[in-house]
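# Results of the structural survey
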Amino acid sequence: MATTLAPPAHQSDDADLETFGYQPVLHRKLGRYASFAAGFSFVSILTTIFQFFGFGYSFGGAAFFWTWPIVFAGQFLVALNFAELAARYPISGCIYQWSRRLAGEVVGWFAGWQMIVAQIVTAAAAAIALQVVLPSIWSGFQLVGGDTALATTSGATNAVILGSILLVVTTLINVVGIDWMSRINSIGVTVEIVGVIAVIALFFTHADRGPAVVMHTSGAAAGPYWAAFLVSGLMAAYVMVGFDSAGELSEETRNPRRVAPRTILTALAASGIGGGLMLLAALTAAPSLDDGHLATEGLAYVIDAKLATPVGKVVLCCVAIAITVCTLAIQTAGSRLMFSMARDGRLPFAKQLGRVHPRFGTPVLPSVVIGVLSIALLLLNLGNAAVFTVLGSVTIVMLYLAYLFVTVPLLIRRVKGWPADVATDESDGKLFGLGRFGIPINALAVLWGIAMAVNLAWPRAAVYDPSGGSWWMLWAAPLFVALTLLVGAVVHRVLGSRGSAIETPSPAPQLA
């Protein structure tokens, strides 16, 4: 089996990239904090907890809190495997690149295709979250109708408009260069972290009950509690994805073999700890657990009730900033993945999509395509009050399946001996690795991913079609996945018939 060699300390990052057969064309300007910010902002606990707190509580009651540490533990297993791969394959478009180097071109292509579609849906789902926040800051942000709730036609329509405007802004930022994206993202993440700490502190100092609240199941959905608990886990599952973004930006990160593995794990760990404390603090500070407001209004209800108006407005502004940088990070990661596949000739219009602007140092067309398709996805659902939950649910199913395209081939390779005898330079130290724990951790990550994908895609009317009457919405997740794979198969076949297929890479390329 080929041996993967770690580059000596004196070897430049660009020379390291060339050993994989790629010329460095992206601008390598990201440091450790910027790399961490990319992963943290994709996860964005302020954004997604604000979006889904009410959903989780409406199904599981206060005890839905326990879905958070369970999902965190499962996703951390996945992140450990990703960190090991990031140390060995520091290439943009990591899900695609990792998968194809582990299992060959066909599997790698479908992993990349699945992830691109998932990131387009994710960007749309993140952008639509502005509706949860902006009208609460100022009524002038409600451009259509008077009802701001996402469950209403006017609220859903306004959400689509605000989300589309945000996607135009993030597209422009992504086009003008990684410098601007990095600065804005890092500032936004700093604001989000400060906001999370402030919210946790303010909630705990205004608590009405103790931590034992997380044992309460009152208010949970009808039926056996285990079923309601499984549904409530959608909230935590939606939040803790995207930590692989540091790997997506490897070709723009300094010393990516060291930085990317650490920031993948750090971004998820910080999100897990911060989000867990925020959930606990909100449950202890909620004015009431039984009046229905916590299920319908979520975290905003606690802020409005417990924090003075100026303080509450500041917190909501932090949330709006978090949503902005979250959407920005998702679009950035998606554009790098699209660029990476196009560079290998693996997408339609690959020549155009694989170009990097000589001045900005960014793949301009992929950024524009991600933005336009995300807006188109929102416009297709204009006025549909169920779009919010459906988009969120489909998003996490797609992402979990894309991750399985990596963890399953990696487990097969581990059983066959991967990574074999990793050589290192004495001055360079060892690359991140799981050692003898690799197979059990990888196996648990695969089982976890399969279980969650099935749970999240299950056609529950309460999740996918709460208003009733639309069979296609009830089956939205499996139908969307099937359609994605079917269209992908057609595209892959067309690319192959045109002779644009690349050679299947060796399972573990030899590095110079």
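Just so you know, these numbers come straight off a predicted model, no measurement behind them. (Residues numbered from 1 in each chain as written. Predicted model: local features only at pLDDT ≥ 70, side-chain atom pairs only at ≥ 80, totals over all residues. Heavy atoms only, no water.)

A few words now on the overall build of the protein chain. Along its length, the protein chain carries 23 helices and zero strands. Rg of the C-alpha trace for the protein chain: 22 Å, near the compact-globule value of 24 Å for 512 residues, within the 12% margin. Taking all 512 residues of the protein chain together, the buried fraction comes to 59%. When contacts within the protein chain are restricted to residue pairs at least 6 apart in sequence, long-range pairs at least 24 apart make up 84% of them. By element, 68% of the accessible surface of the protein chain is carried by carbon and sulfur atoms, the whole surface being about 18800 Å². (Helix = DSSP H or I, 4+ residues; strand = E, 2+ residues; numbered from the N terminus. Rg over C-alpha atoms; globule rule 2.2 N^0.38 Å. Buried < 20%, exposed > 50% of the residue type's maximum accessible area, 1.4 Å probe, protein only. Contact = heavy atoms within 4.5 Å. Areas by Shrake-Rupley, 256 points an atom, 1.4 Å probe, with all protein chains shown as cover.)

Cis peptide bonds are those with omega within 30 degrees of zero, and the linkage from W418 to P419 qualifies with -15 degrees. Inspection of the secondary structure assignment puts P419 in the loop between α19 (387-415) and α20 (438-457). The phi dihedral of S44 falls on the positive side, at around 45 degrees, and the residue is not glycine. Residue placement: S44 occurs in the loop between α2 (32-43) and α3 (45-60). Owing to a relative accessible area of 0%, S44 belongs among the buried residues under this scheme.

There is a patch of like negative charges on the surface, built from D290, D291, E297 and D304. Turning to its location among the elements, D290 is positioned in the loop between α13 (256-285) and α14 (293-297). Residue class for D290 comes out exposed when judged on its relative accessible area of 63%. (Patch = residues over 30% accessible without salt bridge, like charges linked within 9 Å, V, L, I, M, F, W, Y side chains within 5 Å. Salt bridge = Lys/Arg side-chain N within 4 Å of Asp/Glu carboxyl O. Lys, Arg positive; Asp, Glu negative; His and termini not counted. Charge placed at Lys NZ, Arg CZ, Asp CG, Glu CD.)

It is worth spelling out helix α16 (residues 309-343) at this point. Its 35 residues give α16 an end-to-end C-alpha distance of 51 Å, which sits within 8% of 51 Å, the value for a rise of 1.5 Å per residue. Judged by how many residues are buried, α16 sits mostly within the fold: 26 of 35 residues are covered. Positive backbone phi, approximately 75 degrees, marks G345, located one or two places after α16. (Expected span 1.5 Å × (residues − 1).)

A side chain with one charge can pair with a side chain of the opposite charge if their charged atoms come near. Scanning the model with the defined rule gives nine salt bridges in all. For D208, the salt bridge identified is with K306, shortest N-O distance 2.9 Å. Remark: K306 occurs in helix α15 (residues 299-306) and D208 occurs in the loop between α9 (178-205) and α10 (225-232); sequence separation between them is 98 residues. According to the relative accessible area criterion, D208 is partly exposed, its value standing at 45%.

As for its position among the elements, E192 is in helix α9. One buried charged residue, E192, remains without a salt bridge, the closest side chain of opposite sign being R183 at 19 Å. Of note is the side chain of E192, whose polar atom sits 3.3 Å from the side chain of S44. Setting aside anything within four residues of it in sequence, one finds E192 in contact with F40, S44, I45, L46, T47 and A322. (Polar contact = N/O pair within 3.5 Å; in protein donor to acceptor, adjacent residues only side chain to side chain.)

Along the chain, R262 falls in helix α13. By relative accessible area, R262 is classed as partly exposed at 44%. The sequence separation of R262 and R346 amounts to 84 residues, and the corresponding C-alpha distance is 30 Å.

As a rule of thumb, soluble globular proteins bury nonpolar side chains together. Judged by nonpolar contacts, the single largest core of 151 residues is most densely connected at F53, F203 and Y400. Broken down by element, this core gets its largest block of residues, 15 residues, from helix α6 (residues 105-127). Discounting residues that sit within four places of it in the chain, F53 has contacts with T48, F64, M235, L279, A282, L283, L294, G298 and L299. Residues A34, I173, I178 and L249 belong to the second largest nonpolar core, which totals eight residues. (Core = buried A, V, L, I, M, F, W, Y, C linked by side-chain atoms within 4.5 Å.)

Along α10, the residues classified as buried are A228, F229, V231 and S232. Buried residues of α10, viewed axially, fall in a sector of 160 degrees; they line one side. In this fold, the buried residues of α10 make contact with α3, α4 (67-88), α11 (234-239) and α21 (461-464). (Arc of directions from axis to C-beta.)

For the rest of this paragraph, the subject is the confidence of the model for the protein chain. Regions with low pLDDT should not have their predicted coordinates read in detail. Confidence in the prediction of the protein chain, expressed as mean pLDDT, is 86, and 90% of residues score 70 or more. Across the protein chain, the secondary-structure element scoring lowest on mean pLDDT is helix α22 (residues 471-474), at 80, and the one scoring highest is α4, at 96. For residues 421-428, every residue scores under 50 in pLDDT, and the model assigns this stretch 20 contacts once sequence neighbours within four places are set aside. Note that pLDDT drops below 50 for residues 500-512; the model gives that stretch 43 contacts with residues more than four away or on any other chain. (pLDDT = per-residue confidence, 0-100.)

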